[in-house]
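Here's the letter readout for the chains.
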Amino acid sequence: MTFDIIIVTLVILLGIIFLLAEIFLLPGITISGIAGFIFLIGGIAYAYMYMGTMAGNMTLIISAFLIMGSFLYFIKSKSLRRISLTTNIDSKVDMSDLQKIKVGDVGITQSRLNPMGKVFINDLTVEAKSIDGQMIDEDTEVIVNKIDWANIIVSINTNETI
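Residues numbered from 1 in each chain as written. Predicted model: local features only at pLDDT ≥ 70, side-chain atom pairs only at ≥ 80, totals over all residues. Heavy atoms only, no water.

## A closer look at the overall build of the chain
- What the chain contains, in helices and strands, is four helices and five strands.
- Helices (α) and strands (β) of the chain occur, in sequence order from the N terminus, as α-α-α-α-β-β-β-β-β.
- Overall size of the chain, expressed as C-alpha extent along the three principal axes, is 95 × 30 × 20 Å.
- Put simply, the chain has 162 residues, and 31% of those count as buried.
- When the 11 basic and 15 acidic side-chain charges of the chain are each reduced to a single mean position, those positions are 16 Å apart. (Helix = DSSP H or I, 4+ residues; strand = E, 2+ residues; numbered from the N terminus. Buried < 20%, exposed > 50% of the residue type's maximum accessible area, 1.4 Å probe, protein only. Lys, Arg positive; Asp, Glu negative; His and termini not counted. Charge placed at Lys NZ, Arg CZ, Asp CG, Glu CD.)

What follows is the structure in structure tokens.
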């Protein structure tokens, strides 16, 4: 009987360790998570088969509390803070070049706009988007139709004035 208790305890503890490693350390579904479930189910099934229904029920309840308790302990422990990313990003994208471009400016595409690509406008090479998602070939004259927060929307220039 004592040997059965030791086996059940060790198998369930191994299952909990593997599950915690799966949840907190290893991304995705890995062998650790599968092994953790197999060890947990195996330990509980062993208790039911060799120790009786009462011992199996007690093992199931104790295992559930141990899993929840170890999960909560690991979340609140400082060891999780040591491996977590705590850096804050406070930089911003430099948008000063977009202020030099106005609606109505004319430029030339440097790459195919499909619907986005590079455009040379006012001595600047910027990322631009074609209007309505149309495709514009390289070295085509375009005109700026609209400037959003970070998007320059262009269309083919029909005025031919560069």
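Text resumes after the structure shown.
## Some remarks on the sheet that holds strand β4 (residues 141-147)
- With mixed pairing, the five strands of this closed barrel are ordered in space as β1-β2-β3-β5-β4. Strand-to-strand twist of the sheet, defined as the mean angle between neighbouring strand axes without regard to direction, takes the value 55°.
- Sheet topology note: the strand β1 (residues 106-109)/β4 ladder contains three bridges and is antiparallel. Bridging from a neighbouring strand, Val-106 pairs with Ile-143 of β4. (Pairing = 2+ DSSP bridges. Axes fitted to C-alpha atoms, helices over the stretch in contact; angles between N-to-C directions.)

## Observations regarding helix α2 (residues 31-51)
- The end-to-end C-alpha distance of α2, which contains 21 residues, comes to 29 Å, matching closely the 30 Å that a straight helix rising 1.5 Å per residue would cover.
- Buried residues of α2: Ser-32, Gly-33, Ala-35, Gly-36, Leu-40, Gly-43, Ile-44, Tyr-46, Ala-47 and Met-51, and no others.
- Those residues of α2 that are buried lie in contact with α1 (2-24) and α3 (53-76).
- Gly-52 occupies a position one or two residues after α2 and carries a positive phi of about 105°. (Expected span 1.5 Å × (residues − 1). Contact = heavy atoms within 4.5 Å.)

## Considerations on the packing of α2 against α3
- The N-to-C vectors of α2 and α3 enclose an angle of 160°; their axes lie 6 Å apart at closest approach. Accordingly, the angle class assigned to the pair α2 and α3 is roughly antiparallel. The two elements α2 and α3 meet at a crossing, and its hand is right-handed. Contact with α2, carried on its side by Leu-40, Gly-43, Ile-44, Ala-47, Tyr-48 and Met-51, involves Thr-53, Ala-55, Gly-56, Asn-57, Thr-59, Leu-60, Ser-63 and Ile-67 of α3 and no other residues of that element.
- Looking at the contact of α2 with α3 residue by residue, the class counts come to eight nonpolar, six polar and no charged. (Parallel < 35°, antiparallel > 145°, perpendicular 65-115°, else oblique. Left-handed = near helix turned anticlockwise from the far one by under 90°. Nonpolar A, V, L, I, M, F, W, Y, C, P; charged D, E, K, R; others polar.)

## Looking at the pattern of salt bridges
- The tally for this structure, following the rule as stated, stands at two salt bridges.
- A salt bridge links Glu-127 to Lys-118, with the nearest nitrogen and oxygen atoms 3.6 Å apart.
- Given the relative accessible area of 37%, Lys-118 is considered partly exposed.
- Two residues, Asp-148 and Lys-146, come together in a salt bridge whose shortest N-O distance is 3.7 Å.
- Of the residues examined, Lys-146 reaches a relative accessible area of 44% and is grouped as partly exposed. (Salt bridge = Lys/Arg side-chain N within 4 Å of Asp/Glu carboxyl O.)

No statement about biological role is implied by the geometric values presented.
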